[in-house]
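So the chains spell out like this:
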Amino acid sequence: MTDLISAGELALLLSGNAPFALIDVRDVGEYNSSHIPGASLIPRRELEFRMYESVPFSGARIVVCDDDGQRAALAAETLTEMGYTDVSVLDGGMNRWVVERHPTEWGVNVPSKDFGERMQVEHGVPEMTATEFLERLNNGEKLVILDSRTPEEYQRSCVPGARSVPGAELALRITDIADALDEDTIIVVSCAGRTRSIVGTWILQRMGLRNLYGLENGTAGWVLAGQKLEAGADRLQLPEPSAKGLTEAESYAARVGAEDVVRRLDMEGLVEIMQRRDSETVYLIDVRTRSEYEGGHIPGFQWYPGGQAVQRSDEVAVVHNCPVVFCCDRSARATITASLYRQMGFDEVYAVEGGAEAWRAAGHALETGDSGRLPSGYAQALEAVALVSPEQHHSTGDSTVLFVDLSQDFARGHVPSARWIPRGWLESRIDGVVADKRATLTVTCADGIQATLAGATLSKLGYRNVSVLEDGMKAWRAADLPVEAGLTGVMDPPTDMLLTGASRNYADMVNYLRWEEALGHKYHRR
């Protein structure tokens, strides 16, 4: 029997200081439209993939919510099977929460975006519009744009001529970047919208740079100004920090760490806090670049580059009111990220002195590679389903094909005549597609993983003739078999995708940017 928590009880929990996680298991589109403040989004289809990092302590208190409680109850069963021991479901879901007049908000990663707007208001972070940027450029002024997003976002589209310097790297690399520029060059920090450019500009402003601006509204503002973005940019190389650059970054980090009361951990202290993970939630976050992390990291630390850790704080620290430990190679990037968390209101925040290099110097081993793993329950699901090769399925072709991955994956290409049922909705929608449990079913997805989990679920529901397309559409395409594209047969608008930045249409861009800027209005009134 699933434990329930009332809306009133949850409101009290949210207002207190006890560690707990509130996890919204709906699709991202539903969450974006309206959610409970303080809820972290982990769509039901991602629980098996993300929970062990999102909630590393199995005894943590977890509250699961959705719209009406049905998907949340199924999610609670999954979490219990994964070993979590204190799981409850919001009674009546968001619907009951709203009826009882508790607050809601819209958007994603709202705490971080609110923080960015507060920084802009409280510290007067200077901004430059796309139009002003172009006017200055045409007037012969020297400007350089630093794109503070992830390298992947940067390569998809950026302001023409921008170079990639992800947010956590700005303070570490800026001394060498600035030294290579003429003294009168204006530095402009950009992102997709507002938050990362504001935060990045604030970091450099606090560091002492003056000829500096954030690009107002980022790539979205650039498009709204009637300009085109550059695709496939390759200006990704980060300069190796010089001795001067390292000294400047470490000195700055030490100052802001002291001002923002970031706690320091030597190796003995780190070992002690890592041992606490047996009895409580402690987040261990490595904020370096992917290549650095994969080249060697402290065991137990998950990779989350610093800029993204600030941009998505509600995804990093899903459990409220618990310690967060940041690490890099030395101290600068970890301490600067930790100082931003302190400014966001996190209480127990640490930076590891000397980082991964100090761990190795103390005689401890580093792990290499990424922290990726197969989803929980995958091995058991694989044993419970029958795999069929693309060639085998194509030669028979007498089964109903279900595609259980994201709508955008389905639209990119699926087995002809396949029906789309996202895995998070499988139990509630399968009867409407295939009611006869004797029917022959073949389950597909992009790579076979979601399909394997879905196939095991269908077997539990009583479907007797279930097979899974081995390696999914990846193998189907490799076999050069026919592919059907588009949202074939999908009658209702999908809720599992959310366009961001300049990928939105013009009206959505305007509405989003106005909403984001409005987050800061309350700080003007203080």
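The preceding data block contains the structure.
In short, a report on the structure. (Residues numbered from 1 in each chain as written. Predicted model: local features only at pLDDT ≥ 70, side-chain atom pairs only at ≥ 80, totals over all residues. Heavy atoms only, no water.)

## Thoughts on the packing of aromatic side chains
Part 1: All chains considered together, the criterion is met by seven aromatic pairs.
Part 2: Plain terms: the ring middles of Tyr52 and Tyr84 are 6.2 Å apart, the flat faces sit at 25° to each other, and that makes the pair stacked. Remark: Tyr84 occurs in the loop between α4 (70-81) and β5 (87-90) and Tyr52 occurs in helix α3 (residues 47-54); sequence separation between them is 32 residues.
Part 3: Note on Tyr52: relative accessible area 30%, which makes it partly exposed.
Part 4: Judged by its relative accessible area of 4%, Tyr84 is buried.
Part 5: Taken together, a centroid distance of 5.8 Å and an interplanar angle of 70° make the contact between Phe133 and Trp222 edge-to-face. Placement of Phe133 in helix α7 (residues 130-138) and of Trp222 in helix α11 (residues 218-224) is noted, with a sequence separation of 89 residues between them. Trp222 carries the same exposure label as Phe133, and that label is buried.
Part 6: Put simply, the rings of Trp106, Tyr512 and Trp515 touch in pairs and so form one group of aromatic residues.
Part 7: A cation over an aromatic ring shows up here: Arg71 above the ring of Trp425, its NZ or CZ 3.7 Å from the ring centre.
Part 8: For the cation-ring pair, Arg429 lies above Trp425, with the distance from its terminal atom to the ring centre recorded as 4.2 Å. (Phe/Tyr/Trp six-rings, centres within 6.5 Å; stacked < 30°, edge-to-face > 60°. Helix = DSSP H or I, 4+ residues; strand = E, 2+ residues; numbered from the N terminus. Buried < 20%, exposed > 50% of the residue type's maximum accessible area, 1.4 Å probe, protein only. Lys NZ or Arg CZ within 6 Å of the ring centre and 35° of its normal.)

## Focus on the pairing of strand β2 (residues 20-24)
Part 1: Within β2, five of the five residues are buried, which leaves the element mostly enclosed by the surrounding structure.
Part 2: Because side chains alternate across β2, one face comprises the buried residues Phe20, Leu22 and Asp24, and the other comprises Ala21 and Ile23, equally buried.
Part 3: Here β2 pairs with strand β14 (residues 319-320) via two bridges, running antiparallel. Counted as the bridge partner of Phe20 is His320 from β14.
Part 4: Note that β2 and strand β4 (residues 62-65) share four bridges and pair parallel. Along β4, the bridge assignment pairs Ile23 with Val64.
Part 5: Summarising the sheet, β2 and strand β3 (residues 40-41) pair through two bridges and their orientation is parallel. What sits directly across from Asp24, in β3, is Leu41. (Pairing = 2+ DSSP bridges.)

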